[in-house]
Amino acid sequence: MLDIPPGLAEPLGSREFVTAGCEAVRAEMLTAVGQVWRVQTGDLAEVAGAVAGVKAACDAMLVAMTREAISRGVVLESTAVNPTAWLAEATGTEPRAVSPVAGAGVVCLEPGNAPVADRVLSGSMAPAMAVKIVREVG
């Protein structure tokens, strides 16, 4: 269960609420890393699937954050040359690692891509797949 400090549930979407939730998930996941040895052999695949679900949710959140940064002009006002560079700098990650996520953020801005955006933002489609679909169709 997530341990979000009281008083941070409102306003929904505030920096404090979002970062507290992320920190709680991060702490829980890092605690779970030390317990993997206890998982029964037959349950490893199920646990891996659960972790993949958390990763998909994290990717969806980064796509949403990138989309917001672009739509609010944050990327243009920054020193970053593009959304990928902005996200890499914001996350302290290599541009190559965040390129599909940043690309999906761009994809999600286009109204014609709403069905793909909905799937990416729900965590049911990988950002790289979204970018690939839009490139192949468009």
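Higher on the page you've got the structure.
Cut-offs and rules
Residues numbered from 1 in each chain as written. Predicted model: local features only at pLDDT ≥ 70, side-chain atom pairs only at ≥ 80, totals over all residues. Heavy atoms only, no water. Helix = DSSP H or I, 4+ residues; strand = E, 2+ residues; numbered from the N terminus. Buried < 20%, exposed > 50% of the residue type's maximum accessible area, 1.4 Å probe, protein only. Contact = heavy atoms within 4.5 Å. Areas by Shrake-Rupley, 256 points an atom, 1.4 Å probe, with all protein chains shown as cover. Lys, Arg positive; Asp, Glu negative; His and termini not counted. Charge placed at Lys NZ, Arg CZ, Asp CG, Glu CD. Axes fitted to C-alpha atoms, helices over the stretch in contact; angles between N-to-C directions. Parallel < 35°, antiparallel > 145°, perpendicular 65-115°, else oblique. Left-handed = near helix turned anticlockwise from the far one by under 90°. Core = buried A, V, L, I, M, F, W, Y, C linked by side-chain atoms within 4.5 Å. Salt bridge = Lys/Arg side-chain N within 4 Å of Asp/Glu carboxyl O. Expected span 1.5 Å × (residues − 1). Bend = angle between axes of the 7 residues up to and from the residue.

Engineer: Any chance you could explain the overall build of the protein here in plain terms?
Structural biologist: Secondary structure assignment for the protein yields 7 helices and 0 strands. Going from N to C terminus, the protein has its helices and strands arranged as α-α-α-α-α-α-α. Looking at the protein as a whole, 23% of its 138 residues are labelled buried. Considering only intrachain contacts with a sequence separation of at least 6, the fraction spanning at least 24 residues in the protein is 41%. For the protein, the accessible area works out to roughly 9,300 Å², and carbon and sulfur atoms hold 61% of it. Here the protein contributes 10 positively and 15 negatively charged side chains, and the mean placements of these two sets differ by 6 Å.

Engineer: Honestly, the environment of Ser-99 in this entry has me stumped. Any pointers?
Structural biologist: On the secondary structure map, Ser-99 appears in helix α5 (residues 95–107). Given the relative accessible area of 34%, Ser-99 is considered partly exposed. With 16 residues separating them in the primary sequence, Ser-99 and Pro-83 have C-alpha atoms 8.4 Å apart.

Engineer: In this structure, what is going on with the packing of helix α2 (residues 44–71) against helix α4 (residues 83–91)? I would like to understand it.
Structural biologist: Any two packed helices are characterised by how steeply their axes cross, that is the angle between the axes, and by the distance between the axes. As a packed pair, α2 and α4 sit with axes 11 Å apart at the nearest point and diverge in direction by 120 degrees. Viewed along their axes, α2 and α4 adopt a mutual orientation that is oblique. The two elements α2 and α4 cross, and the hand of that crossing is right-handed. Within the contact between the two elements, α2 uses Leu-62, Met-65, Thr-66, Ala-69 and Ile-70 and α4 uses Pro-83, Trp-86, Leu-87 and Thr-91.

Engineer: I keep staring at the nonpolar core and nothing clicks. Help me out?
Structural biologist: Here is a general trend for soluble globular proteins: nonpolar side chains tend to be buried in one another's company. Core analysis: the biggest nonpolar cluster contains 19 residues, and Val-63, Trp-86, Leu-87, Val-116 and Val-120 have the highest contact counts within it. Elements supplying a minimum of two residues to this core: α2, α4, α5, α6 (114–121) and α7 (127–137). Per-element tally for this core: the top contributor is α5, with 5 residues.

Engineer: So what exactly am I meant to see when it comes to the pattern of salt bridges here?
Structural biologist: Should the charged atoms of two oppositely charged side chains come close, the side chains can pair. Taken as a whole and judged by the stated rule, the model has 5 salt bridges. Put simply, Arg-15 and Glu-16 hold a salt bridge, and the shortest N to O gap is 3.1 Å. Asp-59 is the salt-bridge partner of Lys-55, the closest N and O atoms lying 2.9 Å from each other. Of this pair, Lys-55 and Asp-59 both sit in helix α2, 4 residues apart, roughly one helical turn. Taken together, the shared-partner salt bridges in this structure form one network comprising Arg-67, Glu-68 and Arg-72.

Engineer: Sorry, what's going on with the environment of Gln-40 here?
Structural biologist: Note that Gln-40 resides in the loop between α1 (15–33) and α2. Under the relative-accessibility criterion, Gln-40 is labelled exposed at 55%. Along the sequence, Gln-40 and Thr-93 sit 53 residues apart, while their C-alpha atoms lie 33 Å from each other.

Engineer: Looking at this structure, I do not really get α5. What am I missing?
Structural biologist: Along an α-helix, residues three or four apart share an orientation, since each turn contains 3.6 residues. The end-to-end C-alpha distance of α5 is 17 Å, a good match for the 18 Å that 13 residues give at a rise of 1.5 Å each. The largest bend along α5 measures about 25 degrees and falls at Val-101. Burial in α5 covers these residues: Val-98, Val-101, Ala-102, Ala-104, Gly-105 and Val-107. Looking at the buried positions of α5, the neighbouring elements they touch are α2, α4, α6 and α7.

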